Amino acid sequence: MSEERNAIPLILTGVGSIIVTVGALWYYGYLHFAKPEDALLLQDFTMLKTIPGEDYKLSLTPAPQVAQCIDGVLVLFDTQQKGLTGVLVDNRKRAVRCAGQETPQQELQ
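Every value quoted in this text rests on a predicted model; they were computed, and no experiment measured them.

**Let's talk about the state of the cysteines**
No. 1: Summed over all chains, the structure comprises 1 disulfide.
No. 2: Note on cysteine connectivity: C69 is disulfide-linked to C98, with sulfurs 2.3 Å apart. Judged by the sign of its S-S torsion, about 125 degrees, the cystine formed by C69 and C98 is right-handed. Placement of C69 in strand β1 (residues 65-70) and of C98 in the loop between β3 (85-87) and α2 (104-108) is noted, with a sequence separation of 29 residues between them.
No. 3: When its relative accessible area of 28% is taken as the criterion, C69 is described as partly exposed.

Spelled out as C-alpha coordinates, the structure:
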(Lines give C-alpha, C1' and ligand atoms only; values in the text may rest on other atoms or scores of the structure.)
Protein backbone atom coordinates (compact mmCIF):
# COMPACT_ATOMS: atom_id res chain seq x y z
CA MET A 1 0.00 0.00 0.00
CA SER A 2 1.54 3.30 -1.08
CA GLU A 3 1.08 6.28 1.14
CA GLU A 4 1.28 9.75 -0.35
CA ARG A 5 2.64 12.54 1.83
CA ASN A 6 1.70 16.15 1.49
CA ALA A 7 4.99 18.05 1.03
CA ILE A 8 3.53 21.52 1.65
CA PRO A 9 3.71 21.34 5.49
CA LEU A 10 7.33 20.16 5.29
CA ILE A 11 8.26 23.02 2.93
CA LEU A 12 6.47 25.60 5.11
CA THR A 13 8.21 24.24 8.22
CA GLY A 14 11.61 24.51 6.53
CA VAL A 15 11.00 28.06 5.30
CA GLY A 16 9.61 29.10 8.69
CA SER A 17 12.63 27.61 10.47
CA ILE A 18 15.00 29.58 8.26
CA ILE A 19 13.10 32.83 8.86
CA VAL A 20 13.03 32.31 12.64
CA THR A 21 16.75 31.43 12.70
CA VAL A 22 17.73 34.54 10.69
CA GLY A 23 15.47 36.70 12.88
CA ALA A 24 17.02 35.34 16.09
CA LEU A 25 20.57 35.84 14.80
CA TRP A 26 19.73 39.43 13.79
CA TYR A 27 18.01 40.18 17.12
CA TYR A 28 20.97 39.00 19.19
CA GLY A 29 23.51 40.85 17.04
CA TYR A 30 25.16 37.90 15.31
CA LEU A 31 23.83 39.02 11.93
CA HIS A 32 23.99 42.57 10.61
CA PHE A 33 22.62 43.83 7.32
CA ALA A 34 25.14 46.51 6.41
CA LYS A 35 24.25 49.48 4.25
CA PRO A 36 26.86 51.32 2.18
CA GLU A 37 26.49 54.40 4.36
CA ASP A 38 27.24 52.34 7.49
CA ALA A 39 30.94 51.92 6.81
CA LEU A 40 34.04 53.56 5.47
CA LEU A 41 35.95 51.55 2.92
CA LEU A 42 39.39 50.57 4.10
CA GLN A 43 40.68 51.09 0.56
CA ASP A 44 40.02 54.81 1.11
CA PHE A 45 42.91 54.89 3.61
CA THR A 46 46.62 54.46 3.02
CA MET A 47 49.54 54.55 5.39
CA LEU A 48 52.34 56.80 4.18
CA LYS A 49 55.69 55.42 5.23
CA THR A 50 57.95 58.17 6.48
CA ILE A 51 61.62 57.88 5.62
CA PRO A 52 64.05 60.24 7.39
CA GLY A 53 65.28 62.93 5.02
CA GLU A 54 62.64 62.19 2.37
CA ASP A 55 59.80 64.61 1.62
CA TYR A 56 56.20 63.56 1.12
CA LYS A 57 53.21 65.63 0.07
CA LEU A 58 49.87 65.89 1.84
CA SER A 59 46.72 67.74 0.89
CA LEU A 60 46.02 70.93 2.83
CA THR A 61 42.34 69.94 3.05
CA PRO A 62 41.80 67.61 6.03
CA ALA A 63 39.91 64.33 5.74
CA PRO A 64 36.30 64.25 7.00
CA GLN A 65 37.32 61.68 9.64
CA VAL A 66 38.74 62.43 13.07
CA ALA A 67 40.74 59.87 15.07
CA GLN A 68 40.73 59.67 18.84
CA CYS A 69 42.44 57.35 21.28
CA ILE A 70 39.84 55.60 23.45
CA ASP A 71 40.84 52.84 25.87
CA GLY A 72 44.13 52.38 24.04
CA VAL A 73 42.70 51.83 20.55
CA LEU A 74 42.35 54.22 17.61
CA VAL A 75 38.71 55.11 16.94
CA LEU A 76 37.63 56.97 13.79
CA PHE A 77 34.67 59.35 13.77
CA ASP A 78 33.17 60.57 10.49
CA THR A 79 32.22 64.26 10.58
CA GLN A 80 30.03 64.08 7.46
CA GLN A 81 27.93 61.05 8.40
CA LYS A 82 26.90 61.62 12.00
CA GLY A 83 26.93 58.49 14.10
CA LEU A 84 29.44 56.66 11.90
CA THR A 85 32.18 55.48 14.24
CA GLY A 86 34.59 52.59 13.99
CA VAL A 87 37.71 51.06 15.44
CA LEU A 88 40.66 50.94 13.05
CA VAL A 89 41.78 47.32 12.57
CA ASP A 90 44.29 45.48 10.41
CA ASN A 91 43.53 42.66 7.97
CA ARG A 92 43.37 40.17 10.90
CA LYS A 93 40.77 42.26 12.78
CA ARG A 94 43.36 43.35 15.38
CA ALA A 95 42.76 46.84 16.76
CA VAL A 96 45.35 49.52 16.00
CA ARG A 97 46.77 50.64 19.34
CA CYS A 98 47.49 54.25 20.26
CA ALA A 99 51.10 55.20 20.98
CA GLY A 100 51.92 56.69 24.36
CA GLN A 101 49.12 55.01 26.29
CA GLU A 102 49.43 51.97 28.49
CA THR A 103 47.33 48.96 27.60
CA PRO A 104 45.61 47.03 30.41
CA GLN A 105 48.17 44.17 29.99
CA GLN A 106 51.08 46.57 30.60
CA GLU A 107 49.40 48.01 33.70
CA LEU A 108 49.17 44.54 35.27
CA GLN A 109 52.91 43.84 34.95
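**Let's talk about unusual backbone geometry**
No. 1: Despite not being glycine, D71 has its phi angle at roughly 55 degrees, a positive value.
No. 2: With respect to the helices and strands, D71 occurs in the loop between β1 and β2 (73-78).

**Quick word on the pairing of β1**
No. 1: Pairing between β1 and β2: 6 bridges, direction antiparallel. By the bridge assignment for β2, V66 is matched with F77.
No. 2: Hairpin connection, β1 to β2: the antiparallel pair is bridged by 2 residues, and D71 has positive phi, about 55 degrees.

**Some words on the sheet that holds β3**
No. 1: Strand order in this open sheet of 3 strands is β1-β2-β3, and the pairing throughout is antiparallel. Here the strands that pair on one side only, and so sit at the sheet edges, are β1 and β3. Shown here is a sheet whose adjacent strand axes are inclined to one another by a mean of 25 degrees, direction ignored.

**What about the pairing of β2?**
No. 1: The pairing of β2 with β3 spans 3 bridges and is classified as antiparallel. The residue bridging L76 from the neighbouring strand is G86, located in β3.

**Considering the side chain of D78**
No. 1: Along the chain, D78 falls in strand β2.
No. 2: In this structure D78 comes out as buried when scored by relative accessible area, which is 7%.
No. 3: In this structure the side chain of D78 is engaged in a polar contact, spanning 3.3 Å, whose partner is the side chain of Q65.

Calculation rules
Residues numbered from 1 in each chain as written. Predicted model: local features only at pLDDT ≥ 70, side-chain atom pairs only at ≥ 80, totals over all residues. Heavy atoms only, no water. Disulfide = S-S within 2.5 Å. Helix = DSSP H or I, 4+ residues; strand = E, 2+ residues; numbered from the N terminus. Buried < 20%, exposed > 50% of the residue type's maximum accessible area, 1.4 Å probe, protein only. Pairing = 2+ DSSP bridges. Axes fitted to C-alpha atoms, helices over the stretch in contact; angles between N-to-C directions. Polar contact = N/O pair within 3.5 Å; in protein donor to acceptor, adjacent residues only side chain to side chain.

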